Amino acid sequence: MSVCRTRSSKHSSVGRACLLAAAYGPTLAAAPSYADEYDATVKDIQSTMGGVPGFVKQFPKAGLPGAWAEVKAIQLSDKTALPPKVKSLISLAVAAQIPCNYCIWSDTQDAKRAGATDEEIQEAVAVSALTRH
């Protein structure tokens, strides 16, 4: 605060910083807590998927609840325009071209559970490779 009192010129960067600190300091300092919503989301992922992938722990706590809600509403829902088998084949095709080994494994399992044959799985990956080329 003493710096703000000694350098109050409206053209000084210190003066502008002091004004910002005075105007926004309390708001910036009070970061919201996402712990409860984050913990509930991790529990829901655990119960839905039978485990929590390691990369989930690297996701920002503030963003995980919304990201998981989107996954559940689109990818995991059977109430969308695309049936689960088609969505899992699309996801597998993309994962194969990224490539993401965990996603390839997981999406292959999801596709099989949704009724995809080995031939459909191979074709989805081949078509995505053709598009990438």
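Everything discussed here concerns the structure shown above.
Residues numbered from 1 in each chain as written. Predicted model: local features only at pLDDT ≥ 70, side-chain atom pairs only at ≥ 80, totals over all residues. Heavy atoms only, no water.

1. So, the overall build of the protein chain
Here is step 1 of the chain: Looking only at helices and strands, one finds seven helices and zero strands in the protein chain.
Here is step 2 of the chain: For the protein chain, the proportion of its 133 residues judged to be buried stands at 21%.
Here is step 3 of the chain: Taking contacts inside the protein chain between residues at least 6 apart in sequence as the whole, the part at least 24 apart equals 40%.
Here is step 4 of the chain: Just so you have it, the protein chain exposes about 9,600 Å², and 61% of that area is on carbon and sulfur atoms. (Helix = DSSP H or I, 4+ residues; strand = E, 2+ residues; numbered from the N terminus. Buried < 20%, exposed > 50% of the residue type's maximum accessible area, 1.4 Å probe, protein only. Contact = heavy atoms within 4.5 Å. Areas by Shrake-Rupley, 256 points an atom, 1.4 Å probe, with all protein chains shown as cover.)

2. Re the nonpolar core
Here is step 1 of the chain: In this structure, Leu89, Leu92, Ala111, Ala116, Ile121 and Ala124 together form the largest nonpolar core, which totals six residues.
Here is step 2 of the chain: In this structure, Ile45, Val56, Leu64 and Trp68 belong to the second largest nonpolar core, which totals five residues. (Core = buried A, V, L, I, M, F, W, Y, C linked by side-chain atoms within 4.5 Å.)

3. Structural notes on the packing of aromatic side chains
Here is step 1 of the chain: Summed over the entire model, instances satisfying the criterion amount to two aromatic pairs.
Here is step 2 of the chain: Here Phe55 and Tyr102 contribute two aromatic rings whose centre-to-centre distance is 5.8 Å and whose plane-to-plane angle is 65°, an arrangement assigned as edge-to-face. You can see Phe55 sitting in the loop between helix H3 (35–49) and helix H4 (64–75) and its partner Tyr102 sitting in helix H6 (residues 101–113), a full 47 residues away along the chain.
Here is step 3 of the chain: By relative accessible area, which is 34% here, Tyr102 ends up partly exposed.
Here is step 4 of the chain: When the centroid spacing of 6.2 Å and the interplanar angle of 45° are considered together, the rings of Tyr102 and Trp105 count as tilted. Residue Tyr102 and its partner Trp105 are both found in helix H6; the two are separated by three residues, about one turn of the helix.
Here is step 5 of the chain: You can call Trp105 exposed: its relative accessible area is 52%.
Here is step 6 of the chain: An aromatic cluster is built from Phe55, Tyr102 and Trp105, whose rings are joined through pairwise contacts.
Here is step 7 of the chain: One residue, Lys61, lies across the ring of Tyr38, its end atom 5.1 Å from the ring centre. (Phe/Tyr/Trp six-rings, centres within 6.5 Å; stacked < 30°, edge-to-face > 60°. Lys NZ or Arg CZ within 6 Å of the ring centre and 35° of its normal.)

It is worth stressing that arrangement in space is one thing and function is another; only the former is reported here.
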